[in-house]
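Per-entry structural report
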Amino acid sequence: KEVKEGDTNRSSIPLEFSVADARQLDLENESVSLILEKGTLDAMLSDPKEGKNNCRRTVSECARILKPGGCFVIISHSNAHTVHGMEWLQQVVFAGLQNQEPMPQKSQNQELIGWAIEV
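Attention here is on the structure that accompanies the text. Please read these numbers as outputs of a predicted model, since none were measured by experiment.

A look at the overall build of the chain
What the chain contains, in helices and strands, is 3 helices and 2 strands. Starting at the N terminus, the α and β elements of the chain follow one another as β-α-α-β-α. Looking at the chain as a whole, 29% of its 119 residues are labelled buried. In the chain, the share of contacts with a sequence separation of at least 24, taken over all contacts with a separation of at least 6, comes to 70%.

Considering unusual backbone geometry
Within the chain, Glu-30 stands out as a residue other than glycine whose phi angle is a positive 50 degrees. Inspection of the secondary structure puts Glu-30 in the segment before strand 1 (32-38).

A closer look at helix 2 (residues 51-65)
Between its first and last C-alpha atoms helix 2 spans 21 Å; for 15 residues at 1.5 Å apiece the expected length is 21 Å, and the two agree. Within helix 2, 11 of the 15 residues are buried, which leaves it mostly tucked inside the rest of the structure. Turning to helix 2, its buried residues are Gly-51, Asn-54, Cys-55, Thr-58, Val-59, Ser-60, Glu-61, Cys-62, Ala-63, Arg-64 and Ile-65.

Some points on the nonpolar core
Residues Ile-35, Leu-41, Val-59, Phe-72, Trp-88, Val-92 and Val-93 are the most contacted members of the largest nonpolar core, which totals 18 residues. Among the secondary structure elements, those contributing two or more residues to this core are strand 1, helix 1 (40-44), helix 2, strand 2 (66-75) and helix 3 (83-98). Filtering out sequence-adjacent residues up to four positions away, Ile-35 remains in contact with Cys-62, Ile-65, Leu-66, Cys-71, Phe-72 and Val-73.

How each quantity is defined
- Residues numbered from 1 in each chain as written.
- Predicted model: local features only at pLDDT ≥ 70, side-chain atom pairs only at ≥ 80, totals over all residues.
- Heavy atoms only, no water.
- Helix = DSSP H or I, 4+ residues; strand = E, 2+ residues; numbered from the N terminus.
- Buried < 20%, exposed > 50% of the residue type's maximum accessible area, 1.4 Å probe, protein only.
- Contact = heavy atoms within 4.5 Å.
- Expected span 1.5 Å × (residues − 1).
- Core = buried A, V, L, I, M, F, W, Y, C linked by side-chain atoms within 4.5 Å.

So this is what it looks like as structure tokens:
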């Protein structure tokens with residue numbers, strides 16, 4: 001169902017909730033328009049052995065399911081304006097986006113996907 005601008009009827013907003021492993025989602029490629037990640041990556045980082053790897057896998061998986069032109073919003077307590085925050089971005093977010101598996105060709109003139117990152 002398409003939601004029209006200014007529609008405040010909450011029952012018209014198509015939301016779906018499920019419980020899943022963020023590192024391996026049972027969703028089709030390019031199937032969601034918005035991903036809101038609030039604290040999941042921060043929680044995963046509490047595991048000193050697998051934390052960063054789990055975060056990279058999660059970011060990569062989110063990139064896989066995100067539609068072209070969609071938004072992936074990460075809300076973290078890390079401050080990207082510090083050395084620690086920039087290291088987190090490089091080691092987790094950027095690395096997760098780079099580790100994304102190539103998508104199967106859709107057509108001969110498939111456009112490249114770019115990422116705009118704001119902090």
